[in-house]
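Structural overview
Residues per chain are reported as follows:
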Amino acid sequence: AQQCAMTGRVTTPLLTLLLLAVAAQAQRLGQPQNLLDSDYYCQGRDENEFFRREPGPEETEQEIRSTCGTYYRCIPASAGKKTISQQRCQTSMVFDVKEQICNIRNRVDNCLIWEKPRKAAPRWPLPEGEVSNCPGDDIQCGSGECVAKNRFCDSYVDCEDESDENYCNPETDPNAAEPCDDTKCRFENGCFCSPDGTRIPNNLNREQAPQMITVTFSGAVNIRNSEIFNSIFTDVAKNKGNDCSAKATFFVSHAFTNYSAVQELHRRGHEIGVNSISNKEGKDYWDNLPAQEYEAEFDGARLISERFANITQGEIMGMRVPGGRAGGNEQFRMMVDWGFLYDSSLAAPRSRYPLWPYTLMHRMPHKCLGTDQNCPSRNFTVWEMVLNELDRRDDVQFDEPLTGCHLVDQCANIVTKEQFKTFLDNNLAHHYSTNRAPLGLHFSAAYFEIRKDFLKVFKDWVKDVASRGDYYFVTMQQVIAWMEAPTELAAINNFQEWKYKCDVKGLPYCTLPNPCASRVPRLFPQEEQMYLHTCEECPRTYPWLYDPEGLGISNFDI
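Quick caveat, the model's predicted, so the values are computed rather than measured. (Residues numbered from 1 in each chain as written. Predicted model: local features only at pLDDT ≥ 70, side-chain atom pairs only at ≥ 80, totals over all residues. Heavy atoms only, no water.)

Here helix α8 (residues 291–308) is 18 residues long and its end C-alpha atoms lie 25 Å apart, about the 26 Å a rise of 1.5 Å per residue gives. Of all 18 residues in α8, 13 are buried; the element is thus mostly enclosed. Two residues or fewer after α8 comes Asn310, characterised by a positive phi angle close to 55 degrees. (Helix = DSSP H or I, 4+ residues; strand = E, 2+ residues; numbered from the N terminus. Expected span 1.5 Å × (residues − 1). Buried < 20%, exposed > 50% of the residue type's maximum accessible area, 1.4 Å probe, protein only.)

The structure is reproduced here in structure tokens:
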């Protein structure tokens, strides 16, 4: 309304009606009629942080609770300023300012708190024109003392107020990896990076690049869902360009997994990665886990799969942290130390061009996406198989913008078979028509168990797309192999890295696996007994953290 008044394009009566409507809407939402002051609410606030309206001194607790479902976020506006975007939880739900999500009303106890508590911050980077109070490269802590720059974000607290370890994402770590400089990093010299993550390796033209599709499943593999997986990736679902069967990647979590089924997936040429041993849900657990515990969770899960699915050491090279979380520098330090090739946990926002996978030898080429997400900031010789945000709109040309989803399970508005098919086609077309970055379709292991009407759609879609010629359903490791040796579409039939287990025939290694019964880890008190199904010899006890071979030396109560 203010903009219309300034341009003189609205008559005075209409302007009055518009202003009255805005005031009525503000009053209905329980906020003051003069809308929230962006200068006050947005100063020093991250764009990814949500908050509520600050209650006035005269407001009662009952009045505050009535607006608990309305929340706000600061977003960029013109001339470098910020404006405030308003959102509202669904009926019967309120906003949890601590967890930064909408939740059922009786599960939220912080309606009287309007913003997240802010951690102490160091005086870095200094505002333009301001002089540091510390000598040399030292940085001043929020509590006043000076600490050497190289001691910031090193996992050890040095500042009295802990401000040296509070802000350690790629944009805030004083010792962060350098951004990509493609004038120095040349492909012909064995180096590849892309400043924004959208460039095709070796600067191939779009028409020369194959459109790779990575289908992944995360969670426990059992008899029920393994039959579904086998029905999707059949002998007739073949990539026309090289006559190899379509492949997928499975990030296996340990509890309730049938390792004879994992062994069969691996035999047929699918890639096996790890999704941890415990598969815990709490984000704080994964955000703050030290490197030694990440090793127990993920290298332990790898050892279990190698032992009980009979997978050769060195073939399980990828991992994904549960719940779309990441463990920052601690996680990636563990990955380097224990020989993991890639991670596939970090998400990137939707943009005009999707992102290609990248190495962390340079700074991440996108923002650290997610509530309080702990992204790596240092230099690591590890690949990130980034999760591009998927477009869930029915009509990408005319529908209003919607927040995308990185896991297909999160696309809650897709409820019919027709919507699901349109969703698959739209996202494939976006990747194919722009820069042919690999299209990632990431599901939970149980997705098609509870959406059986979608299963036939997906089976037919995989078979149809694979038969077209330019499209290749490949594993994560096969994507990396192509990026390290980009091969033009015309020669892809001779690309040997994609010929391994090209079209596997034959019978499973065993049809009657051993049902190894064991006592139950404390994490699953509702289970009387747990079974580990394997074609190998049974362990003494159920494998778990600190005892991946099941020798009986683990304490489940830890």
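The discussion continues.
This paragraph deals with the nonpolar core. Counting 82 residues, the largest nonpolar core has Phe420, Phe443, Phe448, Phe458 and Trp461 as the members making the most contacts within it. Ranked by the residues each element gives to this core, the list is headed by helix α12 (residues 452–466), at eight residues. With residues up to four places along the chain from it excluded, the contact list for Phe448 reads Phe217, Ile228, Ile232, Phe420, Phe443, Phe454, Leu455 and Phe458. Among the nonpolar cores identified, the runner-up in size contains 22 residues, and Phe192, Tyr472, Val474 and Ile480 belong to it. (Core = buried A, V, L, I, M, F, W, Y, C linked by side-chain atoms within 4.5 Å. Contact = heavy atoms within 4.5 Å.)

Once that is clear, we can look at the UniProt feature "domain: Chitin-binding type-2" (unreviewed entry) in the chain. Cross-referencing UniProt, the feature "domain: Chitin-binding type-2" (unreviewed entry) maps to residues 39–113 in the present numbering. Along residues 39–113, the helical share is 12% and the strand share 32%, with 20 Å between the first and last C-alpha atoms. (UniProt positions renumbered as here; feature names shortened; annotations may be inferred.)

A word on the sheet that holds strand β1 (residues 50–51). Strand order in the open sheet formed by three strands is β1-β2-β3, and the pairing between neighbours is antiparallel. Sheet topology places β1 and β3 (82–88) at the edges, where each strand pairs with a single neighbour. Looking at chain direction, strand β2 (residues 70–76) and β3 are connected through seven bridges and run antiparallel. Counterpart to Thr70 in the pairing with β3 is Arg88. (Pairing = 2+ DSSP bridges.)

Bringing the side chain of Glu330 into the picture now. Along the chain, the position of Glu330 falls in helix α9 (residues 328–337). Among the polar contacts made by the side chain of Glu330, one reaches the side chain of Ser155 at a distance of 2.8 Å. Of note is the side chain of Glu330, whose polar atom sits 2.5 Å from the side chain of Arg333. Setting aside anything within four residues of it in sequence, one finds Glu330 in contact with Ser155, Leu289, Pro290 and Ala291. (Polar contact = N/O pair within 3.5 Å; in protein donor to acceptor, adjacent residues only side chain to side chain.)

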